[in-house]
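Now for the letters of each chain:
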Amino acid sequence: MDSKRISSASQQQVRLRQKRTKREWRPLEDRSCTDLPWFLLFTVFCVGMGSICGFTIATGGAARLIFGYDSYGNTCGRRNERIEGVQLSGLDHTDRKFVFFLDPCNIDIVQRKIKSMALCVSLCPPEELKTHQDLKRFAMTNGSELCSYELPAHRYPALLERFSRCPKLPVPRSKPLPLFNRCTPVDVSCYARFAEAVVTFVGDSSVLHRLIAGVAASKEIIVGLCVLALALSMVLMVIIRYISAVLVWILTSLVVLGSLAGTSVLWWLYIDHRLYANDTSSKDPKEAKQEAPEGQRDGGQALLVYAAAATIFTIILLLLMLFMRKRVALTIALFHVAGKVFIHLPLLTLQPFITFLALLLFWVYWILVLLFLGTTGNPEQNEETGLTEFRLTGSLQYLTWYHAVGLVWISEFILACQQMTVAGAVVTYYFTRDKNRLPVTPILSSVLRLVRYHLGTVAKGSFIITLVKIPRLILMYVHNQLKGRENVCARCLLKSCICCLWCLEKCLNYLNQNAYAATAINSTSFCTSARDAFVILVENALRVATINAVGDFVLFLGKVLIMTCTAFAGVLLLNYQRDYAEWLLPLIIVCLFSFLVAHCFLSIFEIVVDVLFLCFAIDTKYNDGTPGKEFFMDKALMEFVESSRRLERAGGRGRSRVKEAASEGAEMKPMAPGTSSA
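An account of the accompanying structure is given in this report. (Residues numbered from 1 in each chain as written. Predicted model: local features only at pLDDT ≥ 70, side-chain atom pairs only at ≥ 80, totals over all residues. Heavy atoms only, no water.)

## Notes on the state of the cysteines
Inference 1: Counting across every chain of the model gives 3 disulfides.
Inference 2: Disulfide partner of cysteine 76: cysteine 120, at an S-S distance of 1.9 Å. Taking the sign of the torsion about the S-S bond as the criterion, the disulfide between cysteine 76 and cysteine 120, at about -80 degrees, is left-handed. Of this pair, cysteine 76 sits in the loop between helix 3 (61-67) and strand 1 (98-101) while cysteine 120 sits in strand 4 (residues 118-121), and the two are 44 residues apart along the sequence.
Inference 3: Look at cysteine 76 and you get buried, because its relative accessible area is 1%.
Inference 4: For cysteine 120, a relative accessible area of 1% gives the class buried.
Inference 5: Here cysteine 124 is linked by a disulfide to cysteine 183, with a sulfur-sulfur distance of 1.9 Å. Across the S-S bond of cysteine 124 and cysteine 183 the torsion is about -80 degrees, and the bridge reads as left-handed. With cysteine 124 in the loop between strand 4 and helix 4 (132-142) and cysteine 183 in strand 6 (residues 183-185), the pair connects residues that are 59 residues apart, well separated along the chain. Across the pair, exposure class does not vary: cysteine 124 and cysteine 183 are buried alike. (Disulfide = S-S within 2.5 Å. Helix = DSSP H or I, 4+ residues; strand = E, 2+ residues; numbered from the N terminus. Buried < 20%, exposed > 50% of the residue type's maximum accessible area, 1.4 Å probe, protein only.)

Spelled out as structure tokens, the structure:
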């Protein structure tokens, strides 16, 4: 009895496993929350990020950054408490709201900060002050003392401390910065050394002025060209389905012809080299040895190696093109359907704007909190300058590292939310047979499903990318810090590790994207979705390779097309400026921006194509077009499936005929002599 119970229990477990593995693979109406512990962990992490901001505000770091503070630890515009061990601290600066630097041009380029003593003053000098008598007059007239607090204003010209405790003469005319209350010189010529460090590629300052003047004169044209690049990117996503076939076959033809031409040229060079060597060898052997140096003989061997390698590469390429020609047709069909997706879901074109806005807001917040951390902590006197600085000590130093991890994780989380939103909308489009019955706003429905059910999955996927990206960034930082100091082996090892981590990050990004699509279909957890998507991708490995190779290159050509069209329009619009040197910087700005815009938009197109392929692979695996198992795919993909089936049937008939002929030949063997009847 016990054995029967055990066997029945094992059978039930097998049935349960089969039920789990055999899924419907279509968008579920009844969904459940996925990866809830990871959502809670991400929420706790975000609360920690907010706590860092609250800590900097509570301890005065935010106020010191915004209002400024002097070299004695006093915050300008406020009543301050005395700092133990720091003279002239604890002063009432209610009427002194501006930070004034005694030597604003003393900039530490490496540490990116001003090394001058800072004071809180009630007024920035509106005019140039050339002598200490002018400093006295300005202080007595306006009540704004520009020398250290312990020096009386009426004795400025006679004090010995005026050379170390008073501003460097002449004091330039300055104005306060908006919001940050720092007295900044109106004439920025004193920052020439800093500017030279930033633009060291410009040897002649006149060239720099002409380039900047060209940008200033062409700012309207630059803005117009950027809008043009935006419009071209949106148009290309819609019309690429009409030109994808032409682009793919032109690309394929150029690659094949280029490899054949390169191989032919190498063989021609080798044959020409051999003929020249034979002509020289027909002469006197001694003269031939003198005329043909050792390097020439090595050159012939090198040409032979190059030609043989090119021949092998060309043969492999031709075989790949031969076996993958059907899959190239699938890429074209997917591009065609992706264009239809953008027609039915026009709000997809807004995804780059929303993602960029979310990233921009988060980055601004992150930078502000980082600056707050720079002015938070315990006051310490710098032994080199004697100035008071605020630094995090003890365990508080780890707040900066926590904040840095937050930059990577939350940025990846925002990008993953975009991928999940696009995947959810595309899945809804694909698995809706009647496109007229699509939801009113599939994008909004996808966002609501993401927020309600799948934030934990997105948090887990983005955390995995963070675990790979942070070590790569650390290794890149170490490599830059040790540049010129490490030996060859260490440099090679660092570069190898960075390259391997980069490749791993790209692979995980692709797998995560497909895992999000599987979650959008089945409402399963991240690990389950990643496993299911990985199985589907492995089963269609050749198709995946073709789509990624051909599709990515076509999209790259699209980016180059947008950039060149925008640059060409820029040349036509800038033609009225006869000083061609002024074209350079505006055109560079326009080209970079147009390529960035094209990349943002076409990356959405790439996500759509990848999700469509996963849906297509699932559709063809679990459906065959028979009643009850009808396909969900679009007409263009259906035509591809039908053509593939026709080719398979034709191939099957050909193989069956060969087998029949072989069997008939075996049956009709000639009889041995002497066995025939009389």
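## So, the side chain of glutamine 419
Inference 1: Turning to its location among the elements, glutamine 419 is positioned in helix 13 (residues 398-430).
Inference 2: Apart from residues no more than four positions distant in its own chain, glutamine 419 is found in contact with Gln513, Tyr516 and Ile607. (Contact = heavy atoms within 4.5 Å.)

## Some remarks on helix 13
Inference 1: Between its first and last C-alpha, helix 13 extends 47 Å over 33 residues, near the 48 Å set by a 1.5 Å rise per residue.
Inference 2: Across the 33 residues of helix 13, 25 count as buried, placing the element largely inside the fold. (Expected span 1.5 Å × (residues − 1).)

## Some words on the packing of aromatic side chains
Inference 1: Under the defined criterion, the tally for this structure stands at 14 aromatic pairs.
Inference 2: Here phenylalanine 42 and tryptophan 409 contribute two aromatic rings whose centre-to-centre distance is 5.2 Å and whose plane-to-plane angle is 75 degrees, an arrangement assigned as edge-to-face. Pair noted here: phenylalanine 42 is in helix 2 (residues 36-58) and tryptophan 409 is in helix 13, with a separation of 367 residues, a long-range link.
Inference 3: Note on tryptophan 409: relative accessible area 3%, which makes it buried.
Inference 4: Note on phenylalanine 353 and phenylalanine 601: the rings are 5.6 Å apart at their centroids and 75 degrees apart in plane angle, and the pair reads as edge-to-face. Placement of phenylalanine 353 in helix 12 (residues 351-374) and of phenylalanine 601 in helix 18 (residues 584-622) is noted, with a sequence separation of 248 residues between them.
Inference 5: Owing to a relative accessible area of 37%, phenylalanine 353 belongs among the partly exposed residues under this scheme.
Inference 6: Judged by its relative accessible area of 3%, phenylalanine 601 is buried.
Inference 7: Clustering of aromatic rings is evident, with ring pairs tying together Trp38, Phe42, Phe45, Tyr402, Trp409, Phe413 and Phe463.
Inference 8: Above the plane of the ring of phenylalanine 390 lies arginine 64, whose end atom (NZ or CZ) is 3.8 Å from the centre. (Phe/Tyr/Trp six-rings, centres within 6.5 Å; stacked < 30°, edge-to-face > 60°. Lys NZ or Arg CZ within 6 Å of the ring centre and 35° of its normal.)

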